Amino acid sequence: MPVPDQPQRPAETWQRVRRATGSLSTEAVAQMEQLPWFRALPPQERSYVGLVVTAGLEAFAGWLRKPDGPLPTVFAAAPRELARAVTLQQTVELIRLAVGVVEEHVPLLAPPDQTDYVREQVLRYSREIAFSAATVYAATAESRGAWDARVEAGVVDALVRGATGALTLSRATSLGWRRGTWVTAIAIDEPELASSTRLPQLRDAARGHGTSLLSGEAAGALVLIAGGTGPVPTAVDRLVELLPPGPVVVGPVVADLAAAGSAVQEALGGLAAVRAWPDAPRPVASGDLLAERALLGEHAARHRLLVEIYQPLAASGGDLLATATAYLEGGGSLESTARTLFVHANTVRYRLRRMQDVLDRDLTDPRVAFTVRLALVLGRTQASWTSL
């Protein structure tokens, strides 16, 4: 844009503006105090805004002296943290207000033959300042995005390692994690999704439904840690709908993020074993893959099989353990089980119902039968399972 022709006595004008910067800045800040969001800022941040206004007015005086020169670095007067407290829209509002104050005083700052020139320079300068502000906010957003990504990766890594401390929880909060009533973990075999444009869409969708979401790569997979207050199945299904095709494993539900390490580890363990069950539903609970996980040598899965299945059966006085063994060895036949145990078939039915109450599993289901059979094998071969 060409610089307008300069009238005579420009030195007198820019010197007047320079001498008036203090009073102009004071009046501009006083008008800013009328903005509710500005009054709500902490005193230190309001003082930073005052520094930026003063620096901007002093720079404008120099701009009048050399309007074709480079734009001064106005926003260097305030730390980058100010961009977190004051949005770009609010910054534009402040620029507009400060410009209005200068325009009101143009008749006092410039001789009559220079007022039009000064007003043109005010408009040109304000435009350049607005572009400069946009550049600062863009750089801050890019830097914050990169920093947040590193922090988030650290949080997920801590959860994978089971090293969730106060620092990890604090960092999660800084990333927008909100405390809810449940937390779970989701694992998918798509690590490249972590760096794709689909992940921000997933985050926005989760946030729109009141679900907090953290993500990161672990063991060659993508891990999503979700938390909220509504129904867990509904929240999980909404997320799964947005995920690419392929197995999706959901870990157990825990009370809060501090306990989410086990959910993350179980989800990853389930993902490593899910291909052994070709007809697994999508999503599939990591607990439904205990048998496959145990066969892969996962200690946590073997521990759960012993604690959740073998120990309760063995603690029943032997009746349930013997019945489960005979029922599985007899191919799931009531009559064969009854003959093996020398009891009536109704007794077998009664014990199967007791087993379902004790284990929360139906032994007549083929998948459950497979899992219980493996738990019995582990129980018999584990010399000291009670010490686990």
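Residues numbered from 1 in each chain as written. Predicted model: local features only at pLDDT ≥ 70, side-chain atom pairs only at ≥ 80, totals over all residues. Heavy atoms only, no water.

Caption draft 1: Highlighting the sheet that holds strand β1 (residues 182–188). Pairing within the open sheet is mixed, and its five strands lie in the order β2-β3-β1-β4-β5. Of all strands in the sheet, those with a lone pairing partner are β2 (212–218) and β5 (284–285), marking the two edges. With seven bridges connecting them, β2 and strand β3 (residues 221–228) associate as antiparallel partners. Note that in β3 the partner of E217 across the bridge is L222. On top of the sheet, helix α10 (residues 260–273) reaches β1, β2, β3 and β4 (248–250); it is set at about 25° to β1, its chief contact. (Pairing = 2+ DSSP bridges. Helix = DSSP H or I, 4+ residues; strand = E, 2+ residues; numbered from the N terminus. Contact = heavy atoms within 4.5 Å. Axes fitted to C-alpha atoms, helices over the stretch in contact; angles between N-to-C directions.)

Caption draft 2: How the structure looks around helix α9 (residues 232–241). Of all the positions in α9, only V232, A235, V236, L239 and V240 are classed as buried. Projected down its long axis, α9 shows its buried positions confined to an angular sector of 135°, all on one face. Turned more than 90 degrees away from the buried face of α9 sit P233 and E241, all of them exposed. (Buried < 20%, exposed > 50% of the residue type's maximum accessible area, 1.4 Å probe, protein only. Arc of directions from axis to C-beta.)

Caption draft 3: Expanded view of the nonpolar core. In this structure, A28, M32, F38, F60 and L94 are the most contacted members of the largest nonpolar core, which totals 33 residues. Breaking this core down by element, the ones donating at least two residues are α1 (10–32), α2 (36–39), α3 (43–65), α5 (88–109) and α6 (115–161). Among the elements that take part in this core, α5 stands out by supplying nine residues, more than any other. Discounting residues that sit within four places of it in the chain, L94 has contacts with M32, L35, W37, F38 and V49. (Core = buried A, V, L, I, M, F, W, Y, C linked by side-chain atoms within 4.5 Å.)

Caption draft 4: Spotlight on the packing of aromatic side chains. What the rule picks out here adds up to zero aromatic pairs. Over the ring of W277 we find R367; its NZ or CZ atom is 3.6 Å from the centre of that ring. (Phe/Tyr/Trp six-rings, centres within 6.5 Å; stacked < 30°, edge-to-face > 60°. Lys NZ or Arg CZ within 6 Å of the ring centre and 35° of its normal.)

Caption draft 5: Region of the structure containing the environment of S170. If you trace the backbone, S170 turns up in helix α7 (residues 166–174). Measuring from C-alpha to C-alpha, the distance between S170 and V155 comes to 9.6 Å, with 15 residues separating the pair along the chain.

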